[in-house]
Amino acid sequence: MGMVKFFTKTAIGYTHVQTEKICQDFSACYHDDERTIITACDGHGGEIYIRSDKGSKFASEAIINVFKRVEKSVFYRANREEIEKKLRLEILCEWNALVERNLAEKPLTKRETARLNEDKIFRLKTDPQVAYGTTLNGAMLFGNKMICASLGDGGCFVFKRGEVYPVFDDDSDENVANLTYSMCQTDAFNHLAVKIIDLPAVDGAIVFTDGLINPYRSLDNFATALVKPVVSKLLAGKSEEIDGFITEMGAKIGIGDDVSVGMLLSPEIKPKYYKGK
């Protein structure tokens, strides 16, 4: 049996560089003897989302904090549906707690809202969490389980023997034209999905923001042109090449949006299915 391999990277998009806007994406990872966790979250960046760069960071932290608390014994005490529902609630509560703590330490200021119209200022006064709007995507390899979480655009895919599959149902009808589900919605729980997958049903997982997948226009193209080559490079220990490619995608060859990706590979993965350049 090999070792778990994992990688995360965030790169600022060239449109944000040109407009001197802070990167809205955030990715992170965690690894110990029991588990490996990856995240890729995308702050909305729209006019009213004045702290969405922090919102995406808190989304990554929420996933890691909650997934770190998962114990193997839970799979003997509860059924899968109950565990998934519990994790959905815990991730949402964790994100809300991080946002509320930040607001308590640093309330929204007039300087931050100076460019907003009265309606948007009123909305932030009544619901300040809107300022932190973000998507959320994460995955954890934990023993013989892969646990995935997702809300909004971007995605969480798994792969097996060179084939790539979305973990969750396609919400493309809702997540289009810069409209997406958000952690700041009052009904976010209804849209936050968690799924537990048994190994060895999958070889690994990739989580990403929409800035990564949108240039590829189709799942087949994304799988062939990005996922398989990245798996191959990660297996070969060429993480610096992946890092450079993601940086270039943000800076030059993508759609101008920020780009985030996380990937983790099961120790049982067979390299022969992922031959790439």
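Parameters and conventions
Residues numbered from 1 in each chain as written. Predicted model: local features only at pLDDT ≥ 70, side-chain atom pairs only at ≥ 80, totals over all residues. Heavy atoms only, no water. Core = buried A, V, L, I, M, F, W, Y, C linked by side-chain atoms within 4.5 Å. Buried < 20%, exposed > 50% of the residue type's maximum accessible area, 1.4 Å probe, protein only. Helix = DSSP H or I, 4+ residues; strand = E, 2+ residues; numbered from the N terminus. Phe/Tyr/Trp six-rings, centres within 6.5 Å; stacked < 30°, edge-to-face > 60°. Lys NZ or Arg CZ within 6 Å of the ring centre and 35° of its normal. Bend = angle between axes of the 7 residues up to and from the residue. Pairing = 2+ DSSP bridges. Axes fitted to C-alpha atoms, helices over the stretch in contact; angles between N-to-C directions. Contact = heavy atoms within 4.5 Å. Polar contact = N/O pair within 3.5 Å; in protein donor to acceptor, adjacent residues only side chain to side chain. Nonpolar A, V, L, I, M, F, W, Y, C, P; charged D, E, K, R; others polar.

Caption draft 1: Quick look at the nonpolar core. Ranked by internal contacts, the top residues of the largest apolar core, which has 39 residues, are Phe67, Leu87, Ile91, Trp95 and Leu136. Breaking this core down by element, the ones donating at least two residues are strand 3 (35-42), helix 2 (52-68), helix 4 (80-105), strand 4 (136-142), strand 5 (145-151) and strand 8 (193-198). Of all hydrophobic cores here, the second largest spans 26 residues; its members include Phe159, Phe208, Ile213 and Leu234.

Caption draft 2: Examining the packing of aromatic side chains more closely. Scanning all chains against the criterion turns up seven aromatic pairs. Between Phe157 and Phe222, the ring centres sit 5.9 Å apart and the planes meet at 80°, which makes this aromatic pair edge-to-face. You can see Phe157 sitting in strand 6 (residues 155-160) and its partner Phe222 sitting in helix 8 (residues 219-235), a full 65 residues away along the chain. Note on accessibility: Phe157 and Phe222 belong to one class, buried. One aromatic cluster is present, formed by Phe157, Phe208, Tyr216 and Phe222 through successive ring pairs. In this structure, Arg88 packs its charged tip against the face of Phe189, placed 4.0 Å from the ring centre. Between Lys145 and the ring centre of Phe75, over which it is positioned, the NZ or CZ distance is 5.1 Å.

Caption draft 3: Just helix 8, in detail. At Val227, helix 8 shows its strongest bend, of approximately 30°, with the proline Pro229 following within four residues. By the burial criterion, the buried members of helix 8 are Phe222, Ala223, Leu226, Val227, Pro229, Val230, Val231, Ser232, Lys233 and Leu234. Gly237 sits one or two positions beyond helix 8 and adopts a positive phi of about 75°.

Caption draft 4: Broad picture of the sheet that holds strand 8. Spatial strand order, 2-3-4-5-8: five strands in an open sheet with antiparallel pairing. At either end of the open sheet lies a strand with only one pairing partner, and these are strand 2 (25-31) and strand 8. Each neighbouring strand pair of the sheet contributes to a mean axis angle of 10°, computed without reference to strand direction. Where strand 5 and strand 8 come together, six bridges link them in antiparallel fashion. Paired with Ala149 across the two strands is Val194, which belongs to strand 8. In the packing of helix 2 onto the sheet, the strands contacted are strand 2, strand 3, strand 4 and strand 5, and the crossing angle to strand 3 comes to about 160°. Along the sheet, helix 4 makes contact with strand 4, strand 5 and strand 8, crossing strand 8 at roughly 135°.

Caption draft 5: Just the environment of Glu94, in detail. Checked against the element boundaries, Glu94 lands in helix 4. You can call Glu94 buried: its relative accessible area is 18%. Looking at Glu94, its side chain comes within polar contact range of the side chain of Asn65, at 2.9 Å.

Caption draft 6: Spotlight on the packing of helix 8 against helix 9 (residues 239-253). Two numbers describe how helix 8 lies on helix 9: the axes approach to 8 Å, and their chain directions differ by 145°. Contacts from Leu226, Val230, Lys233 and Leu234 of helix 8 reach helix 9 at Ser239, Glu241, Ile242 and Phe245. In terms of residue class, the contact of helix 8 with helix 9 is built from five nonpolar, one polar and two charged.

Keep in mind these numbers describe shape, not what the thing actually does.
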